[in-house]
Amino acid sequence: MKVGIVGGGVIGLSVAWELLRRGAQVTVYDADPGRSAGRVAAGMLAPTAEAGFGEEALQELMLESMRRWPAFAAGLAAATGMPLGYRTDGTLLVALTDDDLAEVRRLVDYYRRAGTPIEPLTGRRLRELEPLLSPRVRGGALAAGDHQVDPRLLLAALRSLPVRHEARDVTDLSSLRDDVIIVANGCGLAAVAGLPVRPVKGQLLRLRGPEPLLTHVVRGVALGRHVYLVPRADGELVVGASEEERGADTTVTAGGVLDLLRPAADLLPGVAELALAETLAGLRPGTPDNAPVLGHLHGNVYVAGGHYRNGVLLAPVTAHAVADLVTRGSTDVDVSGYGVSRFT
Ligand code: GLY
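Residues numbered from 1 in each chain as written. Predicted model: local features only at pLDDT ≥ 70, side-chain atom pairs only at ≥ 80, totals over all residues. Heavy atoms only, no water.

In the annotation of an unreviewed UniProt entry, the chain is listed under the name glycine oxidase and assigned to Dactylosporangium aurantiacum. The UniProt entry for the chain carries the following text under Pathway (unreviewed entry): "Cofactor biosynthesis; thiamine diphosphate biosynthesis." Per UniProt, the comment on the chain under Catalytic activity (unreviewed entry) is "glycine + O2 + H2O = glyoxylate + H2O2 + NH4(+)". (UniProt positions renumbered as here; feature names shortened; annotations may be inferred.)

What follows is the structure in structure tokens.
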């Protein structure tokens, strides 16, 4: 089977890899893979800390994908011999003030009611786990089942697989001669597939120091401002991310940087000593219900997109389910809530 995949980001390349493993010949069409949302992603694999109120169904899919991540990472590392920065240290929810802690406790209660394992922690216990957190931190929780990966290493590994890459933007699907076409071009789904996918801007910082300041990923709230801190083993600290409805704008603004640095330094004062290595803005592909679109569009065309805040996490389950649909016509993953028909 010859499969054409429109979009060479984390989702398109993960689907490509799964189809390669099933014996397909795969061509990935993308004029500029460098603009993919994965380039700007932090790489939190956080089915607990990234699940919001009212997202119980989506969280099921996130948890299903999380269960697949260890084998996905091991298989990709074995296939390519390349590192992915995969880490299993867990996510800490961290609150600065009593009001912030009240917010974290509401989330923790919600996760517990949903049956998601999460352990409330005092400020003292948090500082035992992460000694460089501010002494002002009041408390939080540990989501031990959350992991992380370095999305740039992930993209490099996926791009090294034996897939044909064609550097062109596809605007007219009828110009492709593949047996099956999968549209996985993120925000481009609106123009190419007519689906309601909109860009949600995220600004993000990469800070750098000689040593990592943290072991765990931290999802923090400080004086009502939200931030996440993702430490890498080489001393990089990713600080993210804003959520802005500004169309396709990718300007990094002074206010955006301030809104990330302020809560980051409140929670982890050592942040102020780090080098500000890179400031970035990217576009998440958001759908009206924040959930991805996975399934058949029409004729020989399928869709894998609209993953919003969770593209990296949802890559393994997306690859498996979409490859199943393409090669077998059905899948053992429950994708009934993620079809195209909910928007048409
Ligand atoms: N998952 C993190 C973000 O979208 O910013």
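Having seen the model, we can carry on.
**Q** Tell me what's going on with the site of the ligand, and back it up with residues and numbers.
**A** For the ligand, the full set of nearby residues is Glu50, Tyr228, Ala241, Arg284 and Arg309. A distance of 2.5 Å separates an oxygen atom of the ligand from a polar atom in the side chain of tyrosine 228. One of the side-chain nitrogen or oxygen atoms of arginine 284 is found 2.7 Å away from an oxygen atom of the ligand. When isolated, the ligand has an accessible area of 200 Å², and the protein chains bury 89% of it. Residue classes in the shell around the ligand are distributed as two nonpolar, no polar and three charged. (Near = heavy atom within 4 Å. Polar contact = N/O pair within 3.5 Å; in protein donor to acceptor, adjacent residues only side chain to side chain. Areas by Shrake-Rupley, 256 points an atom, 1.4 Å probe, with all protein chains shown as cover. Nonpolar A, V, L, I, M, F, W, Y, C, P; charged D, E, K, R; others polar.)

**Q** Give me the lowdown on the sheet that holds strand β6 (residues 139–143), citing residues and values where you can.
**A** The eight strands are arranged β5-β6-β4-β11-β12-β13-β10-β14 in an open sheet whose pairing can be described as mixed. A strand with exactly one partner marks an edge of an open sheet, and here the two such strands are β5 (119–122) and β14 (275–286). For this sheet the average axis-to-axis angle between neighbouring strands, irrespective of direction, equals 25°. Where strand β10 (residues 198–208) and β14 come together, eleven bridges link them in antiparallel fashion. Looking at β14, one finds that leucine 204 is bridged to leucine 280. Sitting on the sheet, helix α3 (residues 98–113) is in contact with β4 (91–95), β5, β6, β11 (217–222) and β12 (225–231), with an inclination near 140° to β4. (Pairing = 2+ DSSP bridges. Helix = DSSP H or I, 4+ residues; strand = E, 2+ residues; numbered from the N terminus. Axes fitted to C-alpha atoms, helices over the stretch in contact; angles between N-to-C directions. Contact = heavy atoms within 4.5 Å.)

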